[in-house]
Each structure stands twice: as C-alpha cells, then as structure tokens.
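Each chain, letter by letter, is given below.
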Amino acid sequence: MYQKLLQKALAGHRLVRSEYRELLALEKPAELAALFQAAYQLKLRTVGNRVRLRGLIEVANYCAKNCCYCGIRRDNHAIRRYQLSAAEILEAAVLADRFGYGSVVLQAGEREDDEWVGFITEVVRRIKADSSGRLGITLSLGEQREAVYRQWFEAGAHRYLLRIESSVPELYRRIHPPDHDYRRRLECLRSLRRVGYQVGTGTMSDLPGQTLDDLASDIAFFRELDVDMIGMGPYIPHPDTPLGAAHPDFDAEKKLTLALKMIAVTRLALLDVNIAATTALQTLAADGRERGLLAGANVIMPNVGEVAHRKDYLLYTNKPGLDENAAVSRGKLEASLHAIGEEIAYEDWGDSPHFAARRRAERESVPS
Ligand code: 5AD
Ligand code: SF4
C-alpha cells in the first residue's frame, strides 16, 4: 500500500527502486495529494520552506550538439543565434546581486573551443570580482574536458548542472544522434565531482517510449551518483526537432502530473538535496512552479537576462515569461511564493544541506 511507503519514508527509512516505481504509478487525486503532501513534509524537514533563487542568465544559444528533442540543436536553422557580451552578462549578474538572489546560473548550448572556454573563464572571474565574491556561480555548459571544468572551478564557479537526460542507456540512445555518447556524459559527471563542484543532474519525464521503470531507474541513478542537486522537467515537443515532429501531441495536465510525481518521489528518495521547480513546469500551467514547490522542490531560477534574447532560447515551445523583465517577474514570483506559504532565502548561495553533509563525511574519513 502506498500509505505504508509514505510512512516509511517519513519515518526516515530509505525507499528502494521498486517502491519508487509504485509511487510513480499513483493516479487517483487523493493518492497524488497524499504523495505530494508527504514529499512537502519531508522537504520542510530536510531543506525547510525557504526557496532558493538563482538568477538565470542564458548566455548563448549556439550549440555544437544535435539532441533530437532540443530547439537550439545545431541543425535547427529556424532560430537566430546569439551570444551575450561579457558586459551584458555582468549587467545581468549585477541585477541578480541587487535583487539579493545570492547566486547566478550561466547556461548555454555546448561549445568546447578555446575561445569559448576562455570567454567563460573571464566572465566567471569578473562576476566574482565585481560582486566581491558575494555571488555564487553555477554553470550549465554541457560536456567539457576535466581540465576545462577545473579551469572554470578555479575561476570561481562552484556548482555545475549536467543532466543525464535519461539514465537508461537504451532510451538515451534513442533521443540522441549516434555521435552523442552516454558514457562520456557519465564520465563528465564523475570529472565534475573529482574537481570539487557541487554536482547537479536531472532527466526529462514523459519522453516518447519512456516507462515508469525507466523513471524509477532515473531516481535510483541520482542516488547512486549521490548528487547534490536535481533539475528535472517534463519533455515538451518542439516542432522543429526530429523528436518533436514525430510526436507532436501531448496532454499538458498529464505531463505536469508526471513531472510533479518525479519531484515528489525524488524528494522522498534523496531527502536533503536541492530540487529545482523548472520553467518547463510553468510552460504546462501558470502555477506549475508553485505546484513543484508544493510537491517537494526548493529552488527556482528566475531569468535575469535581457528580454531581447529570450525568444531565441527556446528549447521547447510556449516558454513563459518571454517579454517580462526581471523586475516584473521578481515581483510576481515573490507574491505567488508568499501565497503558498514559502519564504525566499535572500543573500545566500543556497547550497544543499546534502553537500555540507557530504563534505563533513569526506573530512572525517581523511586520516589525520
Ligand atoms: N523539452 C523539455 N526540456 C528540454 N530540454 C531540451 N529540450 C527540451 C524539450 N524539448 C532540456 C534538457 C537540457 C536542458 C537545457 O533543457 O534537459 O538539459
Ligand atoms: Fe545543445 Fe543542450 Fe540542446 Fe543538446 S539539450 S542541443 S546539448 S543545448
């Protein structure tokens, strides 16, 4: 019975993979309400009710990769490519700092060339210097050599997000072109950990052909990797991509429910990690991110970049907030968070308690 599982998790016992699967299969409104409530209770206990905000800066939409689902894939010629200047990025970072967001996320398509690597190194250094070290910096810039991850870490970045997209190798293969390698992605996640980053990963849910077993495996993967943060979201078809063109139809409520179940079960399974309520949730329902928080998420990443480029960073369709400047969306977000009883953690890097615990354990295991 699912109630037993929820009690088990709330009593501090770890759930196993088959139990993740059982919870992910819940469908009835009362069952879902109980699941989300249990995850919310556990969230309050492990990470509290203070939402951590990160100012999101979409630095560039050039991408050397060609993921079959993504609107900024290399072969999508229907979009205008852009790259923000260092000055524009710094301006967005200053805004995030002024808003008290505590940290920024630099996100872009994937590039591994020297010019790009050098540009990011310089920008990270300058964000650190200009904010007198106040702003935490998370990078979400794809697969790189370990030396590059190290260079960016030494420049001042301390968290890195690299989604595994699907932890099931067979499904990973189906949604990526042949030159994308699951093993390299895993290797990158290990490199990030070796370098010393707080590591985040995540997956998409409701991919064509994906089963509940696959999703349970994703959560088991997060645990095995012992990650500090999770960014997951519903897959949303984009018509100018091979996967989106082949499977254009979807049911928004069904997608949202599945994504919320993933958040809830991940919270029950991983306890004290940071879990993002991503923009893709808000694409499916105006209050999608708030529902994410009530199902166990504790991080939101409001866009602090200029509105001018937002419409060019469309990984999926109907992305919200395209013409809303950062100040307007900040005001709305604060109001909607207060309305659901959440507070905002200002002036704080917002590292996950899981990372602090992991560091403590590592220190204690070093013989003195
Ligand atoms: N639907 C939902 N998420 C997507 N992403 C890329 N394309 C889509 C899509 N069509 C996500 C991927 C990637 C992140 C930057 O955006 O998970 O890691
Ligand atoms: Fe590039 Fe990431 Fe989109 Fe893949 S998902 S095409 S790596 S931006």
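The structure this text deals with has already been given above.
Residues numbered from 1 in each chain as written. Chains lettered and ligands numbered in written order. Predicted model: local features only at pLDDT ≥ 70, side-chain atom pairs only at ≥ 80, totals over all residues. Heavy atoms only, no water.

Student: Outline the overall build of the protein, listing residues and values.
Tutor: Across its full length, the protein holds 15 helices and 11 strands. The C-alpha atoms of the protein give a radius of gyration of 19 Å, which matches the 21 Å a tight globule of 368 residues would have. The buried share of the protein, reckoned over its 368 residues, is 59%. Across the protein, the fraction of contacts at a sequence separation of at least 24, relative to all contacts at a separation of at least 6, is 76%. Carbon and sulfur atoms form 53% of the exposed surface of the protein, whose accessible area is close to 15200 Å². (Helix = DSSP H or I, 4+ residues; strand = E, 2+ residues; numbered from the N terminus. Rg over C-alpha atoms; globule rule 2.2 N^0.38 Å. Buried < 20%, exposed > 50% of the residue type's maximum accessible area, 1.4 Å probe, protein only. Contact = heavy atoms within 4.5 Å. Areas by Shrake-Rupley, 256 points an atom, 1.4 Å probe, with all protein chains shown as cover.)

Student: I'd like a description of the site of ligand 1, backed by residues and values.
Tutor: Near ligand 1 you find Tyr69, Cys70, Arg163, Glu165, Met204, Pro234, Tyr235, Ile236, Leu315 and Tyr316, and these make up its full shell. Interatomic distance of 2.7 Å between a side-chain N/O atom of Arg163 and an oxygen atom of ligand 1. Here an oxygen atom of ligand 1 sits 2.5 Å away from a polar atom, N or O, in the side chain of Glu165. Protein chains bury 87% of the 410 Å² of accessible surface belonging to ligand 1 in isolation. Of the residues belonging to the shell around ligand 1, the class tally is 8 nonpolar, no polar and 2 charged. (Near = heavy atom within 4 Å. Polar contact = N/O pair within 3.5 Å; in protein donor to acceptor, adjacent residues only side chain to side chain. Nonpolar A, V, L, I, M, F, W, Y, C, P; charged D, E, K, R; others polar.)

Student: Any chance you could break down the pattern of salt bridges for me, citing the residues and the numbers?
Tutor: Side chains carrying opposite charge are able to pair once their charged atoms draw close together. Here the structure, examined in full by the defined rule, presents 33 salt bridges. With a closest N to O distance of 3.2 Å, Glu187 and Arg194 form a salt bridge. The partner of Asp206 in a salt bridge is Lys254, with the nearest N and O atoms 3.7 Å apart. Residue Asp206 is found in the loop between strand S7 (204-205) and helix H9 (212-225), and its partner Lys254 is found in helix H11 (residues 252-270); the two are separated by 48 residues along the sequence. Classification of Asp206 as partly exposed rests on a relative accessible area of 21%. (Salt bridge = Lys/Arg side-chain N within 4 Å of Asp/Glu carboxyl O.)

Student: Go over the environment of Leu106, please, and point to the residues and values.
Tutor: Inspection of the secondary structure puts Leu106 in strand S3 (residues 103-108). Judged by its relative accessible area of 0%, Leu106 is buried. When the C-alpha positions of Leu106 and Val124 are compared, they lie 9.0 Å apart, and in sequence the two are 18 residues distant. If we skip the residues at most four places from it in the chain, Leu106 touches Ile57, Val59, Ile89, Val123, Val124, Ile127, Thr138, Leu139, Ser140 and Leu141.

Student: So what's going on with the packing of H9 against H11? Residues and values would help.
Tutor: A packed helix pair is summarised by two numbers, namely the angle formed by the two axes and the spacing between the axes. At a minimum axis distance of 10 Å, the contact between H9 and H11 shows a crossing angle of 35°. When you trace H9 past H11, the crossing you get is right-handed. In this structure, H9 contributes Leu212, Leu215, Asp218, Ile219, Phe222 and Arg223 to the contact, and H11 contributes Leu258, Met262, Val265, Thr266, Ala269 and Leu270. (Axes fitted to C-alpha atoms, helices over the stretch in contact; angles between N-to-C directions. Left-handed = near helix turned anticlockwise from the far one by under 90°.)

Student: Give a description of the packing of aromatic side chains that names residues and reports values.
Tutor: Under the counting rule described, the total for this entry stands at 7 aromatic pairs. Seen from their ring centres, Tyr149 and Tyr197 are 6.5 Å apart, and the 80° between their planes marks the pair as edge-to-face. Taken together, the positions of Tyr149 in helix H6 (residues 146-155) and Tyr197 in the loop between helix H8 (182-195) and strand S6 (198-201) put the pair 48 residues apart, joining distant regions of the chain. Given a relative accessible area of 1%, Tyr197 falls into the buried group. Through pairs of rings, three or more aromatic residues link up here, namely Tyr149, Phe153, Tyr160 and Tyr197. (Phe/Tyr/Trp six-rings, centres within 6.5 Å; stacked < 30°, edge-to-face > 60°.)

Student: Lay out the nonpolar core with the relevant residues and their values.
Tutor: In this structure, Leu23, Ile57, Ile127, Leu139, Trp152, Tyr197 and Leu268 are the most contacted members of the largest nonpolar core, which totals 114 residues. The greatest single-element share of this core, amounting to 11 residues, is contributed by H11. Residues in contact with Leu139, not counting those within four places in the same chain, are Leu106, Val124, Trp152, Ala157, Arg159, Tyr160, Leu161 and Tyr197. Core analysis: the second largest hydrophobic core is formed by 7 residues, Val105, Leu161, Met229 and Val299 among them. (Core = buried A, V, L, I, M, F, W, Y, C linked by side-chain atoms within 4.5 Å.)

Student: Go over the side chain of Glu110 with me, naming the residues and quoting the values.
Tutor: For Glu110, the location among the structural elements is in the loop between S3 and helix H5 (114-130). Within the local environment of Glu110, its side chain forms a polar contact with the backbone nitrogen of Glu143, the two atoms lying 3.1 Å apart. Excluding anything up to four places from it in sequence, Glu110 contacts Tyr62, Cys63, Ala64, Lys65, Leu141, Gly142, Glu143 and Arg185.

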